[in-house]
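Residue strings, one per chain:
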Amino acid sequence: MPRSLWLLIIGMLINVTGSSFLWPLNTIYIHDHLGKSLTVAGFVLMLNSAASVAGNLIGGVLFDRFGGYRSILSGIILTFAAILGLVFFHGWPSYIVFLTLAGFGSGIVFPSMYALAGTVWPEGGRKAFNAIYVSQNAGVAVGAALGGLIAGYSFQYIFIANAALYAVFFLLACFGYRNIAARPAAQTSILQQSSKVRKNDKFTALMILCSGYALCWVAYVQWQSTIAAHTQELGIPLTQYSLIWTINGALIVFAQPLVNTFVKYFAESIKKQMMIGFVIFIVSFAVVSFADAFSGFMAAMIILTVGEMLVWPAVPTIANDLAPKGKEGFYQGFVNSTATGGRMIGPLLGGVLVDMYGMNMLFLVLIGLLFLAMFTTSIYDKKMKEQTVSEPVMNS
C-alpha cells in the first residue's frame, strides 16, 4: 500500500477512536446524567444522525469541488469546535447543539476519506476501502473499550480525551494530507464521457444498490437498540454485552487474512461477495432469534461480523467504480448518507415492531428486509449491462 493510504488509515483510526469514546455512552449520559427520558435521548441521537446525513452529502460535494485536503480539514475543524464546546458546556440544551454539530462535521470527513482512498490507490480496488474499513472498526473497538474505562472516573474526561484525539487528527491532516491529491478532480460532462454506459445509469445503479445497503443497516443497528434491550431482559450482564462488541471489533481486525483468502477463491466478483454476505447476515439473525443465553448471542455476533466484513467494504468500492471522473466524493457521500439513514430509521422501526408485535416479529421482518436487499443488489447493474450490450448494435 502507498504511504499516503497509510496516513489515511492512521487518520481514520484516530478519528473513530475519538468519536467512539462518546457514541456508545450518549444514551446513558443523556438519560442518567442529564435526567432526560429515553424518548428524548433517541430524538437527540436522531438529530445527530440527520446532521451526519447532511454532512455526508455536503462532504462529497466539497471533495469534488475543492479536493480531499480542504474538505477533510473543514470537517475536522467543525467537529473539533463542537467537541471543544462539549468540554466546557455539556449541560442541557447545549449538549444537543454541540452533538448535532459534531455529527455534521464528522459526516463531512467520512466520504472524503473514502474518496481519497480510492484516488491514492486506484489499482488497489477493494483493498483500499477494506483497509479504511478495518481501521474504522479498530477505532470503534479501542474507543468503546477505553471510553467505558474513562467514563468510570468522570464523563468530563470523556469530552477532554475526545477533543485531544481530534486535535491530533487535525495536526495529522494539516501536515500529512496537504500533498495527497490536493487538487480536485476535473468535472466532465456527459458528452465528454468515453464510457459506453451513460452517467445517469450509473447513479441509478448506485441508488438501487444503496437502497439495499440502507435496509441492511436497518437490520444491523438493531444490535445497538432492540437486541441490546432484549439481552438485558434476559438477564445478560452489560459486561457480557460489551464483550460481544469487543469480539466484533477484534474479528474485523484480525480475521482479515481469512476473509481475503475466502474472497479470492469463492467470490470472484464484488456482487457475489455481497450476496454471500447477505446470506450470512440472514443466518446470524436466524441464530439470534433463538438465543436465550450469552453463548447464543455471541455465536450470532460472530456470524454477523463475517457478513459485515463482506458487505460493508464492498459498497464504497462499487461506488468508486461507478463514479464518473470528478464525482467520486459525491458518490461516496451518497453511500455514507444511506448508511446513516439506515442507522437513523432502524431503532425507531425496531422499537415500534417490538412494542406492538414482539421480538419474533422483528426478526421475521429483518430477515425479509435482508432478502429484499439481496434482490436490489442482484439487479442494481442490470440496466448498465443492457446498455453495454445494446450499444454495438446501435452503432453498427
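This section reports on the structure supplied with the text. (Residues numbered from 1 in each chain as written. Predicted model: local features only at pLDDT ≥ 70, side-chain atom pairs only at ≥ 80, totals over all residues. Heavy atoms only, no water.)

1. Here we look at the overall build of the protein
Thought 1: The helix and strand tally for the protein stands at 17 helices and zero strands.
Thought 2: Looking at the protein residue by residue over its 396 residues, the buried ones come to 52%.
Thought 3: Long-range contacts, defined as pairs at least 24 residues apart, comprise 84% of the intrachain contacts of the protein with a sequence gap of at least 6.
Thought 4: Of the roughly 17600 Å² of accessible surface on the protein, 69% is carried by carbon and sulfur atoms. (Helix = DSSP H or I, 4+ residues; strand = E, 2+ residues; numbered from the N terminus. Buried < 20%, exposed > 50% of the residue type's maximum accessible area, 1.4 Å probe, protein only. Contact = heavy atoms within 4.5 Å. Areas by Shrake-Rupley, 256 points an atom, 1.4 Å probe, with all protein chains shown as cover.)

2. What to know about the packing of helix α5 (residues 94-120) against helix α15 (residues 328-357)
Thought 1: Two numbers describe how α5 lies on α15: the axes approach to 8 Å, and their chain directions differ by 125°. Regarding the angle of α5 to α15, the classification is oblique. As for the relative orientation of α5 and α15, their crossing is right-handed in sense. For the pair α5 and α15, contact is made by F110, P111, Y114 and A115 and by E328, G329, Q332, G333 and N336, respectively.
Thought 2: A breakdown of the residues in the contact of α5 with α15 according to their chemical character gives four nonpolar, four polar and one charged. (Axes fitted to C-alpha atoms, helices over the stretch in contact; angles between N-to-C directions. Parallel < 35°, antiparallel > 145°, perpendicular 65-115°, else oblique. Left-handed = near helix turned anticlockwise from the far one by under 90°. Nonpolar A, V, L, I, M, F, W, Y, C, P; charged D, E, K, R; others polar.)

3. A look at the pattern of salt bridges
Thought 1: Applying the stated criterion across every chain yields a total of one salt bridge.
Thought 2: Here K271 and D381 are joined by a salt bridge, their closest N and O atoms 2.7 Å apart. Of this pair, K271 sits in helix α12 (residues 270-289) while D381 is found in the loop between α16 (359-379) and α17 (382-395), placing the two residues 110 residues apart along the sequence. The same class applies to K271 and to D381, which are both buried. (Salt bridge = Lys/Arg side-chain N within 4 Å of Asp/Glu carboxyl O.)

4. Let's talk about unusual backbone geometry
Thought 1: Of the consecutive residues W92 and P93, the connecting peptide bond is found in the cis state with omega at 10°.
Thought 2: With respect to the helices and strands, the residue P93 is situated in the loop between α4 (68-88) and α5.

5. Some words on the packing of aromatic side chains
Thought 1: Inspection of every chain in the model, using the stated rule, returns 13 aromatic pairs.
Thought 2: Plain terms: the ring middles of Y213 and W312 are 5.6 Å apart, the flat faces sit at 85° to each other, and that makes the pair edge-to-face. With Y213 in helix α8 (residues 199-220) and W312 in the loop between α13 (294-311) and α14 (314-322), this residue pair connects regions lying 99 residues apart in the sequence.
Thought 3: Take Y213: its relative accessible area is 7%, and that puts it in the buried class.
Thought 4: Linked through ring pairs, Y213, W217, Y220, F281 and W312 together constitute an aromatic cluster.
Thought 5: A cation sits over an aromatic face here: K327 above F330, 5.9 Å from the ring centre.
Thought 6: If you follow R343 out to its NZ or CZ, it ends over the ring of W217, 4.7 Å from the centre. (Phe/Tyr/Trp six-rings, centres within 6.5 Å; stacked < 30°, edge-to-face > 60°. Lys NZ or Arg CZ within 6 Å of the ring centre and 35° of its normal.)

6. Focus: a nonpolar patch on the surface
Thought 1: Side chains of L348, V352, M356, Y357, M361 and L364 sit close together on the surface and give an oily, nonpolar patch of about 640 Å² of accessible area.
Thought 2: Of all the secondary-structure elements, those providing two or more residues to the nonpolar patch are α15 and α16.
Thought 3: The biggest single contributor to the nonpolar patch is α15, with four residues.
Thought 4: Within the secondary structure, M361 sits in helix α16. (Patch = residues over 30% accessible without salt bridge, like charges linked within 9 Å, V, L, I, M, F, W, Y side chains within 5 Å.)

7. Remarks on the nonpolar core
Thought 1: Residues Y177, W223 and F285 are the most contacted members of the largest nonpolar core, which totals 117 residues.
Thought 2: Setting aside residues up to four positions removed in sequence, Y177 forms contacts with L7, L8, G11, Y69, I72, M113, F169 and L172. (Core = buried A, V, L, I, M, F, W, Y, C linked by side-chain atoms within 4.5 Å.)

8. Topic: helix α11 (residues 256-266)
Thought 1: Along α11, the residues that are buried comprise Q256, V259 and V263. On an axial view of α11, the arc spanned by its buried residues comes to 65°, and they lie on one face. The exposed residues of α11 that point more than 90 degrees off its buried face are P257, L258, K264 and Y265. (Arc of directions from axis to C-beta.)

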